[in-house]
Amino acid sequence: QVQLVESGGGLVQAGGSLRLSCAASGRAFSGYTMGWFRQAPGKEREFVAALRLSSGITYYADSVKGRFAISRDNAKNTVYLQMNSLKPENTAVYYCAANPVWRSDYAKYYAYAYWGQGTQVTVSS
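Residues numbered from 1 in each chain as written. Predicted model: local features only at pLDDT ≥ 70, side-chain atom pairs only at ≥ 80, totals over all residues. Heavy atoms only, no water.

What follows deals with the environment of N99. Here N99 is to be found in strand 9 (residues 92-99). In this structure, the C-alpha to C-alpha distance between N99 and N77, residues 22 residues apart in sequence, is 14 Å. Once you skip the residues sitting within four places of it in the chain, N99 turns out to touch Y32, T33, A111, Y112 and A113. (Helix = DSSP H or I, 4+ residues; strand = E, 2+ residues; numbered from the N terminus. Contact = heavy atoms within 4.5 Å.)

In structure tokens, the structure reads:
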């Protein structure tokens, strides 16, 4: 139906940058709410950023404001997460998520119907 594939993770030093990609297929992408979440070992899945595709409005967790940016490339059906000034505590598996309709609870994992498999981000100190 809808498949999401994350890429772009890897190992980076503290203070460095990575750009994650989420490529969508199987259904028209426009109009969806897209989200990025992360999960570190022993922790619950945590909201990072969201994008309402129809309007371009973005939302961020307080912990990443000013450092991370969510964006889209409609021609490629791809959503990105640019991560700057990375910190060791940002180490986690990062997941792309999508929901066909807007949800005011976009920061909750259960608001999303579709998920990718995740991509590992490791920030060394």
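Further notes follow.
Turning our attention to the pairing of strand 11 (residues 119-124). Burial along strand 11 is one-sided: the face carrying T119, V121 and V123 is buried and the face carrying Q120, T122 and S124 is not. Bridge analysis of strand 2 (residues 10-13) against strand 11 gives four bridges, and the strand direction is parallel. Residue pairing in the sheet places G10 in a bridge with V121 of strand 11. In the sheet, strand 9 pairs with strand 11 via three bridges, with the strands oriented antiparallel. Across the sheet, residue A92 finds its bridge partner in strand 11, namely V121. (Buried < 20%, exposed > 50% of the residue type's maximum accessible area, 1.4 Å probe, protein only. Pairing = 2+ DSSP bridges.)

One non-glycine residue, N77, adopts positive backbone phi at about 50°. Judged by its relative accessible area of 28%, N77 falls in the partly exposed class. The residue S85 is not glycine, and still its phi comes out positive at about 50°. In this fold, S85 is placed in the loop between strand 8 (78-83) and strand 9.

Evaluation of the coordinates by the stated rule reveals three salt bridges. Two residues, E46 and R38, come together in a salt bridge whose shortest N-O distance is 2.9 Å. Judged by its relative accessible area of 35%, E46 is partly exposed. On the basis of relative accessibility, which here comes to 6%, the residue R38 falls in the buried class. Between D62 and K65 there is a salt bridge, with its nearest N and O atoms 3.1 Å apart. (Salt bridge = Lys/Arg side-chain N within 4 Å of Asp/Glu carboxyl O.)

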